[in-house]
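# Close look at the chain arrangement
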Amino acid sequence: MSMAMLLPHTAHDPAESLIGFAAGLAARHTGGRTGFFLGDKGIKLPKLARGEPDAVHRLADWAGVSPAQLFANVPQGLDRRYYNLRGEHVSAEFLSSPYTVFCPACLLADDQASGGRIGERRHHWIWQLTVVRTCSRHGLPLMRRKASFSGDRFHELAIMVPETGDSLESLIDGLQPRSASPLQDYVVERLEGKQGPAWLDSEGLEQAVRASEMLGVLVLFGAKPNLDKFTEDDWDRAGAAGFAITAQGDEGILCVLADIHARASRKGGKLGPQAVFGRLYQWLSRSRAKKEPGDIKRILRDYIIENMEMPAGAPVLGEKLAERRLHTYATLASESGLDPRTLRHMLIAKRLIPDTATLDSNHVFDATLGREIARSVLRIVPISRLPKLLGCKRPLAQQLVAERILTPIVDEISDSPGRHKKGIDAKEVEGLLRRLRACANPVEKVPAGMVDLAKAAMKSNAPAAEIAHLILGGYLQNVVRVAGIDGFNAIYVDPVETKAAVSEILAGLSPAEAFVLLRVPVAAGWELVRKRLLPSREIRSDDGDHVIHRFQPEDVDGFLSEFTTEVHIGDAFGMGEKDLKPEMKAAGARPMLRKSDIGVRIFRRSDLPERFRV
């Protein structure tokens, strides 16, 4: 049975909270407190404040208003700590209670409109949200007052804000004007049914707000500010800064995480995730199961795993790292047991760390690649030992390295100590011998007419290493090896077939010939190829396992027409490099590539002062 409608009828303002509407009714009809007014009709104020259906329906029926309007403006209690507000599940911390939040300018306007009846002030439903800290209408920070006892926690503005007239004006004068935070605008618009940035909309409302605020804290206040001392203005600024990031979704968040990480890394020292990401990391690592922080946890965890050195088994935001994915110079030195100085030179030479790296640097690299480099250090074979291991003369061994059939562990460009510059990975040497055996048929006696590599090179007018290329690439059919002998000394070829293959397949310049014309060291020449500044023709075997590089004379000429070196300029001036260098420096000539980059200074002719464009 419905109760008699309360008269005179008062319409519900859609901007007013449920509890504010009830307080206004009490003031208009009795001039007293809300609890006593509702109690006469069997409505308990605490139950109404929690949006309990029976209490809301009873008030709607009595006041003659739509219950749907009232439900929309009250957080409905789901349990002791969680609420449903317009379909969004939020915690008690998301709501302003036990504080009463208000805009003194709004209250002054209400007082003026009502003729000074302060009990009829409107309590806006959005003031129930902690993220709402600014009055959009007046451009003023909202004020907060905490209830001194439980009976005052129901936002009765006449009780909580007794100031009127000049006193309200004084409150207004003490506030610094500001615009509403874009995060606040987003929350209000989302609760009104509007769409926002995709990533934020995919998160729970409280998740979206908290992620934005904590990212903003990190960006504006650093890793470890004292959050207990944060003012509402601090949180407002943090929310605005964070919203600019989260509105961009994964990409924007990852970009900021990378920037924060880079700035922290420049300071040096061992930096774990908590040291870099501070309060953001702590919040995500301590999040209670019932208060899941959302996708921000996955984003930060993935970033840490992919960009920070962490040992296997380390906990990363609730998950254990199955295996180490990244190493630093220091952690790899510790794991491998190698002398840190030796390892540093190798890592620099392989471009895994910059040449400025120190033992406490935070540069990370792929752990698997780092371990392989560390193992290669233990497998170093000095180039001086290659002739014995490969069963060949020293010139062929040197040619095999120059042609990059064998790759130096460290080339001449690096500052690695001497023995590493002249070392080859034993694993690569073994692989070359294995491939060589596979390309030749074993025989007890050398067939008539077949010759060893030295004689084949003479008959073909080609270096022995080029014949090795043809064998390893599968271009020669008649290749044998004498059983019981290992290496190149065991290899015999058909000189007629070899000469024809050299002429047909190895057209153009060899690497050694091209680099001589350029007047650059072999290692520097290969760097020019790697950087695609010097074009090369790649001849690949059918199985793709072997590559031969050849160079066209016109490409070499083209390089020299665009670039030059101090050797070429010095020849033109009749000067040595030692005398030329200070003159070029004084004239402002700057190399495009430094000696530390590729082993020789390369200048773009068009960038040089006119007198050096020779």
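For every chain, the first residue of its written sequence is number 1, and the numbers climb from 1 along that sequence. It should be noted that, the model being predicted, local features are given only for residues of pLDDT at least 70 and side-chain atom pairs only at 80 or more, the latter also being counted only at that level, while totals for whole chains, interfaces and linings use all residues. Only hydrogens and water are set aside when side-chain values are computed; all heavy atoms of the structure are taken into account.

## Notes on helix 6 (residues 104-114)
Each residue is placed in one exposure class: buried if its accessible area under a 1.4 Å probe, protein chains only, is under 20% of its type's maximum, exposed if it is over 50%, and partly exposed if it falls in between. A run of H or I in DSSP counts as a helix once it spans at least four residues, and a run of E counts as a strand once it spans at least two, with each numbered from the N terminus. In terms of burial, helix 6 is largely enclosed, as 8 of its 11 residues are buried. Taken together, the buried positions of helix 6 are occupied by Pro104, Ala105, Cys106, Leu107, Leu108, Asp110, Asp111 and Ser114.

## A closer look at the sheet that holds strand 3 (residues 88-91)
Whether parallel or antiparallel, the strands of a sheet pair through hydrogen bonds between backbone atoms. Being paired, for any two strands, means DSSP has found at least two bridges between them. One open sheet accounts for 3 strands, arranged 1-2-3; its pairing is antiparallel. Edge positions in the sheet fall to strand 1 (76-77) and strand 3, since each of these pairs with one other strand and no more. Pairing of strand 2 (residues 82-85) with strand 3 involves 4 bridges; the strand directions are antiparallel. Each bridged residue has a counterpart across the sheet, and for tyrosine 83 the counterpart in strand 3 is valine 90.

## Regarding the state of the cysteines
Counting rule for disulfides: a pair of cysteine sulfur atoms within 2.5 Å. By the definition in use, this model includes 0 disulfides. Free of any disulfide, cysteine 103 has its nearest cysteine sulfur in cysteine 135, 3.7 Å distant.

## Re the environment of lysine 41
Topologically, lysine 41 is positioned in the loop between helix 2 (34-39) and helix 3 (45-49). Measuring from C-alpha to C-alpha, the distance between lysine 41 and leucine 59 comes to 8.8 Å, with 18 residues separating the pair along the chain.

## Some details on the nonpolar core
Think of a nonpolar core as a cluster: buried Ala, Val, Leu, Ile, Met, Phe, Trp, Tyr and Cys residues, connected wherever their side-chain atoms sit within 4.5 Å. Counting residues in hydrophobic clusters, the biggest one holds 73 residues, and the most contacted among them are Trp127, Leu129, Val187, Leu257, Phe277, Leu280 and Leu300. Counting residues per element, this core draws most heavily on helix 11 (residues 205-221), which supplies 8 residues. If we ignore the near neighbours within four places in the chain, the residues touching leucine 257 are Leu215, Phe277, Leu280, Ile299, Leu300 and Tyr303. Counting 40 residues, the second largest nonpolar core, distinct from the first, contains Leu390, Ala456, Ala457 and Ile467. A contact between two residues is defined here by any heavy atoms of the two lying within 4.5 Å.

Note that all results are geometric; they support no functional claim without further evidence.
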